[in-house]
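If you want the building blocks of each chain, they are given just below.
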Amino acid sequence: MTIKTYKGFFIDLDGTVYAGTNPIPTAKKFISELDARGIPYLYVTNNATKSQEDVVAHLKAVSGIDAAPEHVYTSGMAAVDFAKKNYPGARTFVVGEPALQRQVEAAGLLLVEKDIEVVIQGMDRFVTYDKLATASTAIRNGAAFIATNPDVNLPTENGMMPGAGSLTAFLKISTQREPLIIGKPFGYIMDGALERIGLTKEEVVMVGDNYNTDILAGMNYGVDTLLALTGVTTVEDLEEITNKPTHILNDLSEWRFE
Ligand SMILES: [Mg+2]
């Protein structure tokens, strides 16, 4: 079997590199191999509550993996890249956590609570009615409505908790407007990731554990996909899916680089 040689890898985190607070050792070996061969890669994650440095620290703590901040690309960063490109310097209101607010400011967007031109909404564990009301009013008055990622729930040790998508649903209902959604499985995050890695669609592969986010993101965008069966999607799920990933592996140790 010939395996295509890719010049770059986009890699999901939870379920692919670690499982919550547990390491996935086969992923660590895979990453070391990328490092040893000098193959560029980006961790592409829908989690918009973490900064690049937060993700680096988590990778080290959970998996003992050394990463550089430049290896991390979150849906929050992609939302900010999109806003910066399409609404440079815009008066921006954030429903989101401090990491997202800092990314907005670093991109030269103006963090405001009045005369809002752009609303960027992500996961916000400190959300209040006032925040949602401000966002809702701005969107009704014509502000752009950008959501970081569609994940409705987050798996935690206490069960499934509301995620960014649940807050988006609140704003959708209250404004009757559709957001532009940045994260996987949508293409905007892939646009940003491709720009950062500096390669073409043909040269990269999207690696992940979740067919409905990672693999569909790759397929929708027109890049090859690699499903690792270490997380959400199971062999049984795959039986019902006609449009299969380009590559399916039990875990990343099965990947052959040549
Ligand atoms: Mg995952």
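As the structure is a prediction and not an experimental result, all values here were calculated from the model.

**Concerning the UniProt feature "active site" (unreviewed entry) in the protein**
Taking the UniProt record as the reference, the feature "active site" (unreviewed entry) is found at Asp12 and Asp14. Structurally, the position occupied by aspartate 12 is in the loop between strand 1 (8-11) and strand 2 (18-19). A relative accessible area of 7% means that aspartate 12 is categorised as buried. A distance of 2.8 Å separates a polar atom in the side chain of aspartate 12 from a polar atom in the side chain of threonine 16. Not counting chain neighbours up to four residues away, the residues in contact with aspartate 14 comprise Ala19, Gly20 and Asp209.

**Looking at the sheet that holds strand 5 (residues 72-74)**
Pairing is parallel across the open sheet formed by six strands, whose spatial order is 5-4-1-13-14-15. Lying at the two open borders of the sheet, with one neighbouring strand each, are strand 5 and strand 15 (247-249). Adjacent strand axes in the sheet meet at a mean angle of 25°, parallel and antiparallel pairs treated alike. In the sheet, strand 14 (residues 224-228) pairs with strand 15 via three bridges, with the strands oriented parallel. When the bridges of strand 15 are listed, alanine 228 appears paired with leucine 249. Together, strand 1 and strand 4 (41-45) form the strand contacts of helix 1 (residues 25-37), whose direction differs from that of strand 1 by roughly 150°.

**Let's talk about the nonpolar core**
Counting 32 residues, the largest nonpolar core has Phe10, Ile120, Ile146 and Met190 as the members making the most contacts within it. For this core, the elements supplying multiple residues, two or more each, are strand 4, helix 3 (75-86), helix 4 (98-106), strand 8 (118-121), strand 9 (144-147), helix 7 (188-197), strand 13 (204-208) and helix 8 (211-221). Element by element, the count of residues in this core is highest for helix 3, at six residues. In terms of domain composition, this core takes at least three residues from each of domain 1 (8-46 + 185-254) and domain 2 (86-181). Among residues more than four places away in sequence, those in contact with phenylalanine 10 are Leu42, Val44, Met190, Ala193, Leu194, Ile197, Val204, Val205, Met206 and Val207. Within the second largest apolar cluster, 29 residues are counted, among which are Ala27, Leu34, Ile65 and Trp255.

**A word on the coordination of the magnesium ion**
Taken together, the protein ligands of the magnesium ion are Asp12 (OD), Asp14 (O) and Asp209 (OD), with distances of 2.1 Å. Counting residues between consecutive donors of the magnesium ion along the chain gives the motif D-x1-D-x194-D. Of the two residues, aspartate 12 sits in the loop between strand 1 and strand 2 while aspartate 209 sits in the loop between strand 13 and helix 8, which places them 197 residues apart along the sequence. In terms of burial, aspartate 12 and aspartate 209 fall into one category: buried.

**Quick notes on the side chain of threonine 233**
For threonine 233, the position within the fold is in the loop between strand 14 and helix 9 (235-239). On the basis of relative accessibility, which here comes to 5%, the residue threonine 233 falls in the buried class. A distance of 2.7 Å separates a polar atom in the side chain of threonine 233 from the backbone nitrogen of tyrosine 211. Excluding residues within four positions of it along the chain, threonine 233 makes contact with Asp209, Asn210, Tyr211, Leu227 and Leu238.

Quick notes on the rules
Residues numbered from 1 in each chain as written. Predicted model: local features only at pLDDT ≥ 70, side-chain atom pairs only at ≥ 80, totals over all residues. Heavy atoms only, no water. UniProt positions renumbered as here; feature names shortened; annotations may be inferred. Helix = DSSP H or I, 4+ residues; strand = E, 2+ residues; numbered from the N terminus. Buried < 20%, exposed > 50% of the residue type's maximum accessible area, 1.4 Å probe, protein only. Polar contact = N/O pair within 3.5 Å; in protein donor to acceptor, adjacent residues only side chain to side chain. Contact = heavy atoms within 4.5 Å. Pairing = 2+ DSSP bridges. Axes fitted to C-alpha atoms, helices over the stretch in contact; angles between N-to-C directions. Core = buried A, V, L, I, M, F, W, Y, C linked by side-chain atoms within 4.5 Å. Domains from an automatic or database assignment. Donors = N, O, S within 2.8 Å, 3.2 Å for Na, K, Ca; no water.

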